[in-house]
Amino acid sequence: MFASPDFWVLISFLMFIGLLVYYKVPGMVAGLLDKRAADIAAELDEARRLREEAQQLLASYQRKQREAMKEAEDIVAQAKVEAENLAKEIRANMEAQVERRTKLAEDKIAQAESQALSEVRATAANVAIGAARKVIADKVTATEDEKLVERSIADLASKLH
């Protein structure tokens with residue numbers, strides 16, 4: 001039995017275990033394991049806390065994003081309303097301007113017609129006077145001319161009073 005290597009390995013192993021117990025190695029290992037477990041628990045708690053903060057931040061950013069989207073939609077809607085109002089105003093101004101220009105053109109045309117009519121009348125009167133002079137000059141003799149002048153002078157007195 002003392003000669004067997006298994007016996008000596010067993011004795012060596014028991015002595016090694018005894019030394020470990022004597023120097024309180026199992027307590028140190030248990031302490032290290034407990035410390036490691038406490039560190040892991042603290043890290044898990046920290047991770048939970050960070051996760052909750054991250055969720056709160058995410059919710060906050062999502063809320064802000066929704067608010068920003070709503071504000072952007074409101075701005076777009078307001079811009080559309082303003083654009084429609086501006087388009088209506090511009091359309092009304094354009095129609096008024098077209099009406100003014102049409103009226104101005106009609107007035108100019110009426111004035112041109114009136115002026116042309118006056119010019120035609122004046123030309124017709126001048127032509128008629130010239131033709132009457134020629135006819136009178138050709139048909140009326142000097143004696144008839146004197147009679148017409150005397151009769152006109154006599155009629156003139158009655159027409160002035």
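Residues numbered from 1 in each chain as written. Predicted model: local features only at pLDDT ≥ 70, side-chain atom pairs only at ≥ 80, totals over all residues. Heavy atoms only, no water.

(A) Broad picture of the overall build of the protein chain. Check the secondary structure of the protein chain and you find 3 helices and 0 strands. Of the regular secondary structure in the protein chain, the N- to C-terminal order runs α-α-α. Against the compact-globule benchmark of 15 Å for 161 residues, the protein chain has a radius of gyration of 63 Å, which places it well outside the compact range. C-alpha extents for the protein chain along the principal axes are approximately 195 × 40 × 15 Å. Across the 161 residues that make up the protein chain, the buried fraction comes to 1%. Summed over its atoms, the accessible surface of the protein chain is roughly 14,800 Å², and 63% of this surface lies on carbon and sulfur atoms. Within the protein chain, the 27 negative side-chain charges are centred at a point lying 2 Å from the centre of the 24 positive side-chain charges. (Helix = DSSP H or I, 4+ residues; strand = E, 2+ residues; numbered from the N terminus. Rg over C-alpha atoms; globule rule 2.2 N^0.38 Å. Buried < 20%, exposed > 50% of the residue type's maximum accessible area, 1.4 Å probe, protein only. Areas by Shrake-Rupley, 256 points an atom, 1.4 Å probe, with all protein chains shown as cover. Lys, Arg positive; Asp, Glu negative; His and termini not counted. Charge placed at Lys NZ, Arg CZ, Asp CG, Glu CD.)

(B) Just unusual backbone geometry, in detail. Phi angles above zero are rare outside glycine, and Lys-24 is one such case at about 55 degrees. Topologically, Lys-24 is positioned in the loop between α1 (5–22) and α2 (25–139). For Lys-24, a relative accessible area of 62% translates into the label exposed.

(C) Region of interest: the pattern of salt bridges. If you walk through the whole model with that rule in mind, you get 6 salt bridges. For Lys-35, the salt bridge goes to Asp-39, with nearest N and O atoms at 3.8 Å. Highlighted residues: Lys-35 and Asp-39, both in helix α2, separated by 4 residues, approximately one helical turn. In this structure, the salt-bridge partner of Arg-49 is Glu-46, at a minimum N-O distance of 2.3 Å. Residue Arg-49 and its partner Glu-46 are both found in helix α2; the two are separated by 3 residues, about one turn of the helix. Among the residues examined, Arg-49 registers a relative accessible area of 36% and is labelled partly exposed. (Salt bridge = Lys/Arg side-chain N within 4 Å of Asp/Glu carboxyl O.)

(D) Quick look at the environment of Gly-130. Tracing the backbone shows Gly-130 in helix α2. Among the residues examined, Gly-130 registers a relative accessible area of 37% and is labelled partly exposed. Each C-alpha atom, one on Gly-130 and one on Met-15, is 162 Å from the other, the two residues being 115 residues apart in sequence.

(E) Summary view of a nonpolar patch on the surface. A cluster of nonpolar side chains, namely Leu-10, Phe-13, Leu-14, Phe-16, Ile-17 and Val-21, defines an oily patch on the protein surface of about 580 Å² accessible area. Note that Ile-17 resides in helix α1. (Patch = residues over 30% accessible without salt bridge, like charges linked within 9 Å, V, L, I, M, F, W, Y side chains within 5 Å.)

(F) Highlighting the packing of aromatic side chains. What the rule picks out here adds up to 2 aromatic pairs. Judged by centre distance (5.3 Å) and plane angle (70 degrees), the ring pair of Phe-7 and Trp-8 falls under edge-to-face. Given the relative accessible area of 45%, Trp-8 is considered partly exposed. Here the aromatic rings of Tyr-22 and Tyr-23 are separated by 5.1 Å at their centres, their planes lie at 80 degrees, and the arrangement is edge-to-face. Comparing Tyr-22 with Tyr-23, the two get one shared label, exposed. (Phe/Tyr/Trp six-rings, centres within 6.5 Å; stacked < 30°, edge-to-face > 60°.)

(G) Structural view of the environment of Trp-8. Its place among the elements puts Trp-8 in helix α1. Ignoring sequence-local partners within four residues, the contact set of Trp-8 consists of Phe-2 and Ala-3. (Contact = heavy atoms within 4.5 Å.)

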